[in-house]
Structure formats: C-alpha cells, structure tokens
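Descriptive analysis of the structure
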Amino acid sequence: GRYNEMCDELSIAAKRLARSEREGAWRTMARQVAHEINNPLTPMKLTIQQMQRLKGTDRFDEYFSRSTSMLVSEVDRLSRIASSFSTFAKMPEVTASEVDIAAKLTDTIALFTPNDHHIPIRYIGPDKGVKAWADEEQIPQVFTNILKNALQALENRENGDIIVSLKENEYIPDTAIQAVKISFSDNGPGIPNDIREKIFEPNFTTKSTGSGLGMVISKNIVEGCDGKICFETSEKGTDFFVYLRKKQ
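Basis of the calculations
- Residues numbered from 1 in each chain as written.
- Predicted model: local features only at pLDDT ≥ 70, side-chain atom pairs only at ≥ 80, totals over all residues.
- Heavy atoms only, no water.
- Helix = DSSP H or I, 4+ residues; strand = E, 2+ residues; numbered from the N terminus.
- Rg over C-alpha atoms; globule rule 2.2 N^0.38 Å.
- Buried < 20%, exposed > 50% of the residue type's maximum accessible area, 1.4 Å probe, protein only.
- Contact = heavy atoms within 4.5 Å.
- Areas by Shrake-Rupley, 256 points an atom, 1.4 Å probe, with all protein chains shown as cover.
- Lys, Arg positive; Asp, Glu negative; His and termini not counted.
- Charge placed at Lys NZ, Arg CZ, Asp CG, Glu CD.
- Core = buried A, V, L, I, M, F, W, Y, C linked by side-chain atoms within 4.5 Å.
- Arc of directions from axis to C-beta.
- Polar contact = N/O pair within 3.5 Å; in protein donor to acceptor, adjacent residues only side chain to side chain.
- Phe/Tyr/Trp six-rings, centres within 6.5 Å; stacked < 30°, edge-to-face > 60°.
- Pairing = 2+ DSSP bridges.
- Axes fitted to C-alpha atoms, helices over the stretch in contact; angles between N-to-C directions.

1. Observations regarding the overall build of the chain
Within the chain, the regular secondary structure consists of six helices and seven strands. If you list the helices and strands of the chain from N to C, you get α-α-β-α-β-β-α-β-β-α-α-β-β. Taking 2.2 N^0.38 as the reference for a compact globule, 248 residues should give roughly 18 Å; the C-alpha atoms of the chain span a radius of gyration of 23 Å, well beyond that estimate. Classification of the 248 residues of the chain by burial places 35% in the buried group. Taking as baseline every contact in the chain between residues at least 6 positions apart, the subset at least 24 positions apart corresponds to 73%. For the chain, the exposed area adds up to about 15300 Å²; of that, 52% sits on carbon and sulfur atoms. Side chains of the chain carry 32 positive and 35 negative charges; the gap between the two charge centres is 5 Å.

Here's what the structure looks like:
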C-alpha cells in the first residue's frame, strides 16, 4: 500500500514538474518572441513618420528609395520570426517505441552523402539490428539537425571531416540506465563561447532559417523518449552525443 502510494505521489510530482518546466519554457519563449518582434518596430515607425514629413520635398525620393529596402528586410525578418515560432508551436507530441536505431541513423547519413560541401561523413557501427526507444517519425530529424550543424561548421574549411559512431551497451550519463550512444564528431572551429550556453534555447534571430530552433526541437524529441543529448566543443571541433534507452 504505502510503497505504491509513494510511487503514485512521485509520479504526480514528476508530471507537475514537467508541466511547470514546459510552461516556464513557453513563457521564456513568448517573452523572447515579443522582444524580437518589438525590436524592429520602432525604427520602422520612425522611418514611416520621416517619410510623411518629407512628402512633397526634394529629399523625399532619395529617402524613400533608401528606407523602403530597409523596411522590406525588416518585414522579412519579422515573418521569419513568426514562421519559426509557429514551427515550434506545431511540434508534435513525442511517442517512443522500440526502433531499429542503426537503420534510422544509416538512412539519414545516406541522405547527406554526397553533400554540397564535399565533406566525407564516415560511419562506424552496425547498419541495422540495434533497438532503442525513440520516436520513429521524429528521431531522424535529430540526426539531420546535428549533421546540418556539422556541415555548416565545416563550410569553407580544408580537410573537413565528420565521423558518426554508434555504440551499444553504454549508459545514460550519471545513471545506471542502459543506452545506445550515437556520437557525431566534426573537426570544425567549435561552437563560439557566447552560444555554448544557449545551444538548447530557442533563438529566433539567426539569419539562417531553422538553425535557431533545430537543437531545441532535437532536445525535445530526445528527452521525450527519456534519452539525453549533450555536446563537447573546443577550437579543434565539436562532438554531439545522443543517448537512447535500450529495452530492459
């Protein structure tokens, strides 16, 4: 009786914590989106007011042609922020089942070879037959996001190289939970210091579409399957690690 009650209480507490963490994340994100949308609005308004003032003067044409291109690019930026926010809002629930993770991984790697950057991606591990808990539909997106980041990091670099490996019989860090460990290693310049802390936080400002949310979405997918995603980085390169639970 009492043991079961305690388990139930723990389960309720865990759910409550997960919910408050989710709500906290949404609040943070809503604040950030509001901030990013507010930023360009003031200069846009001032520009339009200045146009109204200059109407009918000889300075109008010059000011008009200079400022309209700025207005258009700011509108583009706002629409990028809005569309990436709606991408995040549309993220489906994560449902884990037993998946042949080696097959999913090798299928994803195949999509990136060959690639525009002519960077070799080497794979070390079995091609199929390794089962782990994952969302069958969404886990390839995690691998895709990490590989895209690695290829971006190696752009315009000599001798760029990516190594992906899959190891069975590993453990999720700081736990006794058996896992499959997938490593993605690149020899790029490493993740800049100011971004390291924020890699898993939503960022709507990045110029390149999507990359500001890729790792947030990846973390959501991996943790939704009770796995773990983390990384190590230095000026010699970056390693991303994805741990997925094995069936006990």
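That was the structure; now back to the text.
2. Description of the nonpolar core
Counting residues in hydrophobic clusters, the biggest one holds 41 residues, and the most contacted among them are Ile101, Ile182 and Phe184. Counting residues per element, the ones that place at least two in this core are helix 3 (101-111), strand 3 (131-134), helix 4 (139-153), strand 4 (162-171), strand 5 (178-186), helix 6 (211-224) and strand 7 (237-245). Examining the composition of this core, we find that seven residues originate from one element, helix 4, more than from any other. Aside from chain neighbours lying at most four places away, what touches Phe184 is Leu105, Phe143, Ile146, Leu147, Ile163, Val164, Thr238, Asp239, Phe240 and Val242.

3. A short note on helix 3
Within helix 3, burial applies to Ile101, Ala102, Leu105, Thr106, Thr108 and Ile109. Down the axis of helix 3, the buried side of the element spans an arc of 160 degrees, and every buried residue falls inside it. Opposite the packed face of helix 3, turned more than 90 degrees from it, sit the exposed residues Asp107 and Leu111. You can read the cap of helix 3 off the contacts: a side-chain oxygen lies 3.3 Å from the backbone nitrogen of Ala102, and it is on Asp100.

4. Describing the side chain of Thr238
Tracing the chain through its elements places Thr238 in strand 7. A polar side-chain atom of Thr238 sits 2.8 Å from a polar atom in the side chain of Thr233. In this structure Thr238 touches Phe184, Ser185, Asp186, Gly190, Ile191, Glu232 and Thr233, once residues within four positions along its chain are discounted.

5. Brief notes about the packing of aromatic side chains
Within a pair of aromatic rings, the relevant descriptors are the distance that separates the centres and the angle that separates the planes. Under the criterion given, the structure shown has four aromatic pairs. Considering the side-chain rings of Phe143 and Phe184, the 6.0 Å spacing of their centres and the 35 degrees angle between planes classify their relative orientation as tilted. Note that Phe143 is positioned in helix 4 and Phe184 in strand 5, a separation of 41 residues in sequence. Here the two residues Phe143 and Phe184 agree in accessibility, since each one is buried. A connected cluster of aromatic rings, assembled from ring pairs, spans Phe200, Phe231 and Phe240.

6. Examining the sheet that holds strand 4
Sheet architecture is open: five strands sit in the order 2-4-5-7-6, paired in mixed fashion. The open sheet has two edge strands with one neighbour each: strand 2 (121-124) and strand 6 (228-234). Between one strand axis and the next, the sheet turns through 20 degrees on average, direction left out of account. By the bridge criterion, seven bridges tie strand 6 to strand 7 in an arrangement that is antiparallel. Across the sheet, Ile229 pairs through a bridge with Val242, a residue of strand 7. Contacts from helix 4 reach strand 2, strand 4, strand 5, strand 6 and strand 7, with the element oriented near 25 degrees to strand 5.

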